[in-house]
Amino acid sequence: MRVYNFSAGPSMLPESVLQKAAADMLDYEGSGMSVLEMSHRAKCYDAIIKEAEALIRELMNIPDNYKVLFLQGGASTQFASVALNLHKNGKADYIVSGNFSNLCFKEGKRLTNARAIASSEDATYTYVPKVTKDMVDPEADFLHICFNNTIFGTKYNYIPETPENVPLVADMSSMILSEPVDVSKFGVIYAGAQKNIGPAGVTVVIVRDDLLENFTENCPTMLKWKTQADKDSLYNTPPCYSIYVSMLVFRWIKEMGGVEAIYKTNVKKANMLYDYIDSSDFYKNSVQKEDRSLMNVPFVTPSEELDAKFVKEASAEGLVSLKGHRLVGGMRASIYNAMPVEGIEKLIAFMKKFEAENK
Ligand SMILES: *Cc1c(COP(=O)(O)O)cnc(C)c1O
């Protein structure tokens, strides 16, 4: 029996994608081999990576003057890559809105003159700081933000403005392809795949052409975006199979009506859950309302004992991986693109039952 998996990542994939991958497992389109066994230089593999790129370009409306890279190392590697690849004046600004943006800021401090211009740590990251253009150093090499804070369940409801020539860099790991985004407002967007794109192992980096020349002199070859940009992500062996499954997910998003349609469903799913939590005096979500994430919904019951009981009993009913991150406790329902509306309905029904039994 398949469960409803509320994991923050790796997370659910659409069932039709898994079925297609299974059907292709032994013999991919008459090649007599699995994509798992295929050379990344093979013609049939080239078609896969090209289709993946074409589809994400179409789905996100990525302008022609941006490169799309399929890299390894996870979003965490990009925390360093950002500072190594965007280096002109040797200083950079960061907004610290949660755990991952803080890790990125810390990595930045090792590599450049990094400055946190705003932080919501004072309120345990229950909101997203509001930053205006005048707060950003006009000589900063970039401003880095984390667009959706996976652990704390917050999301930017605005795109920070930066002074001319200061590119905005965004970690979109946990919200990419979940809502329409104007790519042209960003210099760089990056995302680990295992939340909203596909299986773990591939990281998508979308970077504006002119920024590819700003790397530090001692930037390692494999961390330099230009290395892979010049070779269409085939400088060395890419995470072939993860890219293939990501391509299937992109096809699925397109079939669902594209990002705009997925977004409508995501709003519906998130509203169902938040509305129920808000209507109950048993469950609580502490995030400032206008900054609530559409993808990650943390909540608590009145006690830690009940939280633990909730996670255990939900799991027994096929609602799994609801335990909150250790930094926050309680529960967290990650409801990425692949989580169907029925999963939310089943979760809410369980929450009602649990409330009635434990109040
Ligand atoms: C999961 C996550 C990361 C870490 O991704 P890895 O691919 O495991 O390195 C970074 N940033 C955000 C916003 C995330 O959600």
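Up top you'll find the structure we're talking about.
Reference entry: report on the structure contained in this document.

Conventions adopted
- Within any chain, residue numbers begin from 1 and follow the written order of that chain's sequence.
- In keeping with the model being predicted, local features are shown solely for residues with a pLDDT of at least 70 and side-chain atom pairs are shown and tallied solely at 80 or more, while totals for entire chains, interfaces and linings include all residues.
- In computing side-chain properties, one takes all heavy atoms of the structure into account and sets aside hydrogens as well as water.
- We call a residue near a molecule or strand whenever a single non-hydrogen atom of that residue lies within 4 Å of it.
- Two N or O atoms count as a polar contact when they lie within 3.5 Å, although within protein this holds only if one can serve as hydrogen donor and the other as acceptor, and sequence-adjacent residues are included solely when both atoms are side-chain atoms.
- Helix and strand assignments follow DSSP, with helices taken as H or I runs no shorter than four residues and strands as E runs no shorter than two, numbered in order from the N terminus.
- To qualify as a nonpolar core, a set must consist of buried Ala, Val, Leu, Ile, Met, Phe, Trp, Tyr and Cys residues joined through side-chain atoms within 4.5 Å.
- Relative accessibility decides the category of a residue: with a 1.4 Å probe and only protein chains considered, values under 20% of the type maximum give buried, values over 50% give exposed, and everything between is partly exposed.
- In this analysis, two residues are considered to be in contact whenever any of their non-hydrogen atoms come within 4.5 Å of each other.
- Any two of the Phe, Tyr and Trp rings considered here, Trp counted by its six-membered ring, make a pair once their centres fall within 6.5 Å; the pair's planes then place it as stacked at under 30 degrees, edge-to-face at over 60, or tilted in between.
- Criterion for a charge above a ring: Lys NZ or Arg CZ within 6 Å of the ring centre, and within 35 degrees of the ring normal.
- Here, a strand pair is defined by DSSP locating no fewer than two bridges between the strands.
- Axis lines are fitted to C-alpha atoms, over the contacting stretch for helices. Their N-to-C directions set the angle, which ranges from 0 to 180 degrees.
- If an angle is under 35 degrees, it is roughly parallel; if it is over 145, roughly antiparallel; if it lies from 65 to 115, roughly perpendicular; otherwise it is oblique.
- Here the nonpolar group is Ala, Val, Leu, Ile, Met, Phe, Trp, Tyr, Cys and Pro; Asp, Glu, Lys and Arg are the charged ones; every other residue, Gly included, is treated as polar.
- Of the two site types, the cavity is a set of points on a 1 Å grid over the protein atoms alone where a 1.4 Å probe fits but cannot get out, and the pocket is an open set with protein on both sides within 12 Å along at least five of seven lines, each lined by residues with an atom within 4 Å of a point.
- Grid points are joined across faces, edges and corners, and a volume is the space filled by probe spheres set on the points.

### Considering the site of the ligand
So, point 1. The local shell around the ligand holds 13 residues, among which Ser76, Thr150, Asp171, Gln194 and Lys195 are the closest.
So, point 2. Contact distances for the ligand include 3.0 Å between an oxygen atom and a backbone N or O atom of alanine 75.
So, point 3. In terms of residue count, the dominant contributor to the shell around the ligand is helix H3 (residues 74-85) (four residues).

### Let's talk about the nonpolar core
So, point 1. In this structure, Leu273 and Phe310 are the most contacted members of the largest nonpolar core, which totals 92 residues.
So, point 2. Here the element with the most residues in this core is helix H6 (residues 240-255); it accounts for 10 residues.
So, point 3. Residue contacts for leucine 273: discarding those within four places in its chain leaves Val297, Ala333, Ile335, Ile344, Leu347, Ile348 and Met351.
So, point 4. Among the nonpolar cores identified, the runner-up in size contains 26 residues, and Leu86, Phe105, Ala114 and Tyr125 belong to it.

### So, the packing of aromatic side chains
So, point 1. Counted according to the given criterion, the structure contains 18 aromatic pairs.
So, point 2. Where phenylalanine 310 meets phenylalanine 350, the ring centres are 5.1 Å apart and the plane angle is 75°; that geometry is what we call edge-to-face. On the criterion of sequence distance, the pair formed by phenylalanine 310 in helix H8 (residues 304-316) and phenylalanine 350 in helix H9 (residues 341-358) is long-range, its members being 40 residues apart. Each of the two residues, phenylalanine 310 as well as phenylalanine 350, counts as buried.
So, point 3. Among the aromatic residues, ring-to-ring pairing joins Tyr276, Phe282, Tyr283, Phe299, Phe310, Phe350 and Phe354 into one connected group.
So, point 4. Note that lysine 224 overlies the ring of phenylalanine 215, its terminal NZ or CZ placed 4.4 Å from the centroid.

### What to know about the side chain of serine 233
So, point 1. If you trace the backbone, serine 233 turns up in the loop between helix H5 (225-229) and H6.
So, point 2. Excluding its chain neighbours within four sequence positions, the residues that come into contact with serine 233 are Ile49, Val68, Leu69, Phe70, Gln228 and Pro238.

### Considerations on the pairing of strand E9 (residues 188-192)
So, point 1. Along E9, five of the five residues are buried, which leaves the element largely enclosed by surrounding structure.
So, point 2. Both faces of E9 are covered, namely the face carrying Val188, Tyr190 and Gly192 and the face carrying Ile189 and Ala191.
So, point 3. Pairing between E9 and strand E10 (residues 203-208): five bridges, direction antiparallel. What sits directly across from isoleucine 189, in E10, is isoleucine 206.

### Overview of the packing of H6 against helix H7 (residues 258-279)
So, point 1. One way to put it is that H6 packs onto H7 with a least axis distance of 7 Å and a crossing angle of 75°. Between H6 and H7, the angle falls in the class roughly perpendicular. Contacts between H6 and H7 involve Trp252, Ile253 and Lys254 on the former and, on the latter, Gly258, Val259 and Ile262.
So, point 2. Residues belonging to the contact of H6 with H7 are distributed by class as follows: four nonpolar, one polar and one charged.

### Considerations on empty space enclosed by the protein
So, point 1. All chains considered together, the criterion is met by two cavities of 30 Å³ or more.
So, point 2. Looking at the largest cavity, its volume works out to about 70 Å³.
So, point 3. Around the largest cavity sit 14 residues that line it, and Met12, Lys195, Asn196, Ile197 and Ala338 are the ones nearest its centre.
So, point 4. In terms of residue class, the lining of the largest cavity is made up of eight nonpolar, five polar and one charged.
So, point 5. Taken as a whole, the second largest cavity spans an internal volume of roughly 30 Å³.
So, point 6. Lining the second largest cavity we find Gly98, Asn99, Phe100, Ser101, Cys146, Asn149, Thr150, Ile151 and Phe152.
So, point 7. It is helix H4 (residues 99-111) that provides the largest number of residues to the lining of the second largest cavity, a total of three residues.

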